Amino acid sequence: MSPSNFVCRSTRRRTDAVFFTMLALFLFAGVSPNAHASPVSDNQKGLPIGSELDDDAINNPREIFHSEALRGRKSYLSNLGNLAFNTPYTLGEAAQKAHISCASCHVNGASNPKLFIPGLSTRPGNFDTTNSLFNPKTDNGVLDPVTIPSLRGARLLAPYGHDGRTGSLHDFVRNVIVNEFAGTEPSSQILDAIVAYIEDIDFLPNTNLDKTGRLTPGANPSQQRGEALFRKPFPHDSSMSCADCHVPSAAFVDHRQHDVGSGGLYKTPTLVNADFNAPYFHDGRFDNYTQVIDYFNRAYDLELNARDRADMAAYLTAIGDGVRPEYHLTGTNVLEDIDGFAGVLDIAISSHDAQIVAFTVRSVSDLLQDLADHYPDPKNSEISGGANERALARAAIAALMQALHRVDLDVSSGRFGEAAGDYLVYRKLTLATAPMALHAAEPWSLFTPHHDTHAALRQPTGASMVTEAASVSAPSR
């Protein structure tokens, strides 16, 4: 239920008045454009010098959700889980200080092959989950990093963890929060929501495979020969083949653990969308399929010649492919994502769930602050030009944060009708005013690595675009 469905007429009148008052304040500098935060150093974050989270990446993967395919939209629980997945407040104190969330390792539910933390990683893309930095109580005293797995298709891939020790996704998620990152015990609602979000992430579609996991007729001869080798019994043990563990009809897994000579028992990883999951093996020791094939050829004496190995690599590449939608991050589409997180308030306010409202406002406000930091303060001398545009962009974001703060104050005082009205103010600001201000400032933002001031001069200024928005939105007299 949207706020407009449960706000009474008097609240709507109040909402419109507040909206246009805030818009006027925004336009005439009544709202300070200066965000309170600035980029922080590794020391301030509590991370070792040289840590790389790749949190400034301009291109991010975009995932496909099962619920959207079925119903055209994600459920409330999945949206809440998405928010909890993207906020540090789900995890413990050290993670919060470092601004690390579940999404830091699993970017939009995928992996993060560039993540590297000195002392916890031996290479980009792996991470020691039993360390003293995030939870001294569960530190095993051994540097034993594991790769960061993609969560695509996770609902089909039990048991969980590289070693497959956990049968329940609920138990696995709780262990990550409480033991690996020293978070407080999550409420059943938050835990259920994160699990719902993870289970909602689908595999990327792959036109190379049919519904049974076999190659489609369009496969080339090399891929077809590779598929035959994949199913062929091993020369020295006819009871085994690659396909016995990586079962094509079952997402290329067998839900079992095996010792393949890599240092212990580990569960069979899926090969679906594996092209995007390097590095390979539980510890990330291999960079590509060729190295993996060479290892198994030696370890199991498969007698694969050069052409066989090339065919096997061609086959793995075909079945590991997928249509992966990506987008280039801009202020407006980041705001759209943040607005999706804020959508949790639709239900939380109407159901008088003060705990979720407070959690959402705090988390979304932090995401908005990070967005504001992508539009450097006009006093920043490292970027020339666009001072007015950047000031207006920061003011627009500040107005959104103020609207959410009012929602939180209303709910904490039991004024849910007023909270709905202030949330409607937030919604109206995100419809036109804020996106237009961000778009106008884009050429001077951190989303544009090479600040094209010439292109900016060919665009309407931020002030003129926002003024246009105000003239469209202003009530007739």
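Source: prediction; values computed, not measured. Residue numbers here run from 1 along each chain, matching the order of that chain's written sequence. In keeping with the predicted nature of the model, local features appear solely for residues at pLDDT of at least 70, side-chain atom pairs appear and are counted solely at 80 or more, and the whole-chain, interface and lining totals rest on all residues. Computation of side-chain values covers all heavy atoms of the structure but excludes hydrogens and water.

Draft legend 1. Expanded view of the packing of helix α4 (residues 76-85) against helix α15 (residues 354-373). Packing of α4 against α15 brings their axes to within 10 Å, and their N-to-C directions diverge by 50°. Regarding the angle of α4 to α15, the classification is oblique. Crossing handedness for the pair α4 and α15: left-handed. Across from Y76, L80, L83 and A84 in α4, the residues of α15 making contact are I356, F359, T360, S363 and V364. Charged residues are taken to be Asp, Glu, Lys and Arg, nonpolar residues to be Ala, Val, Leu, Ile, Met, Phe, Trp, Tyr, Cys and Pro, and polar residues to be all remaining types, Gly included. Across the contact of α4 with α15, the residue classes tally to 7 nonpolar, 2 polar and no charged. Simply put, an axis is a line fit to the C-alpha atoms, just over the touching stretch for a helix, and the angle between two N-to-C directions goes from 0 to 180 degrees. Labels follow the DSSP assignment, with helices taken as runs of H or I lasting at least four residues and strands as runs of E lasting at least two, numbered in each case from the N terminus. In this scheme, roughly parallel covers angles under 35 degrees and roughly antiparallel covers those over 145, while 65 to 115 is roughly perpendicular and the rest are oblique. For any helix crossing, the convention is left-handed if the near helix is rotated counterclockwise from the far helix by under a right angle, and right-handed if that rotation is clockwise. Residues count as neighbours in contact if any of their non-hydrogen atoms are within 4.5 Å of one another.

Draft legend 2. Expanded view of the packing of aromatic side chains. Pairing of aromatic rings covers Phe, Tyr and Trp, the last through its six-membered ring, and needs centres within 6.5 Å; plane angles under 30 degrees mean stacked, over 60 mean edge-to-face, and all others mean tilted. A full pass over the atoms with the stated rule returns 18 aromatic pairs. With 6.0 Å between their ring centres and 55° between their planes, F127 and F134 make a pair best called tilted. Residue exposure (1.4 Å probe, protein chains only): buried if accessible area is under 20% of the type maximum, exposed if over 50%, otherwise partly exposed. For F127, a relative accessible area of 6% translates into the label buried. Pairing Y280 with Y289 gives two aromatic rings, centres 5.1 Å apart and planes at 20°, and the pair type is stacked. Accessibility expressed as a relative area gives 12% for Y289, which makes it buried. For K74, the ring lying beneath its charged end belongs to F65, and the centroid distance is 4.5 Å. Ring-over charges, as used throughout, are those where CZ of Arg or NZ of Lys falls within 6 Å of the ring centre and within 35 degrees of the ring normal.

Draft legend 3. Main features of the side chain of S262. Relative to the elements of secondary structure, S262 occurs in the loop between β4 (257-258) and β5 (266-267). Residue classification places S262 among the buried positions, given a relative accessible area of 10%. Ignoring sequence-local partners within four residues, the contact set of S262 consists of F281, H282, R285 and Y295.

Draft legend 4. Looking closely at empty space enclosed by the protein. In this analysis a 1.4 Å probe is tested at points of a 1 Å grid over the protein atoms alone, and where it fits but cannot get out there is a cavity; an open set with protein on both sides within 12 Å along at least five of seven lines is a pocket; lining residues have an atom within 4 Å of a point. Grid points are joined across faces, edges and corners, and a volume is the space filled by probe spheres set on the points. Here the structure, examined in full by the defined rule, presents 1 cavity of 30 Å³ or more. Its volume calculated, the largest cavity comes out at about 40 Å³. Along the walls of the largest cavity sit S111, N112, P113, G125, T147, I148, N277, A278 and P279, which together make up its complete lining. Within the lining of the largest cavity, the residues separate by chemical class into 4 nonpolar, 5 polar and no charged.

Draft legend 5. Local environment of the confidence of the model for the protein. Mean pLDDT over the protein stands at 87; residues scoring 70 or higher make up 85%. The predictor attaches a confidence to each residue, and that confidence, scored 0 to 100, is pLDDT. Taken together, the stretch residues 1-15 has pLDDT below 50 and engages in 23 contacts with residues farther than four places along the chain or on a different chain.

Draft legend 6. Broad picture of the packing of α15 against helix α16 (residues 387-412). At a closest axis distance of 10 Å, the pairing of α15 and α16 adopts a crossing angle of 170°. Considering the angle they form, α15 stands roughly antiparallel to α16. Contacts between α15 and α16 involve A354, V357, A358, V361, V364, S365, L368, Q369, L371, A372 and D373 on the former and, on the latter, R394, I397, L400, M401, L404, H405, V407, D408 and V411. Within the contact of α15 with α16, the residues separate by chemical class into 14 nonpolar, 3 polar and 3 charged.

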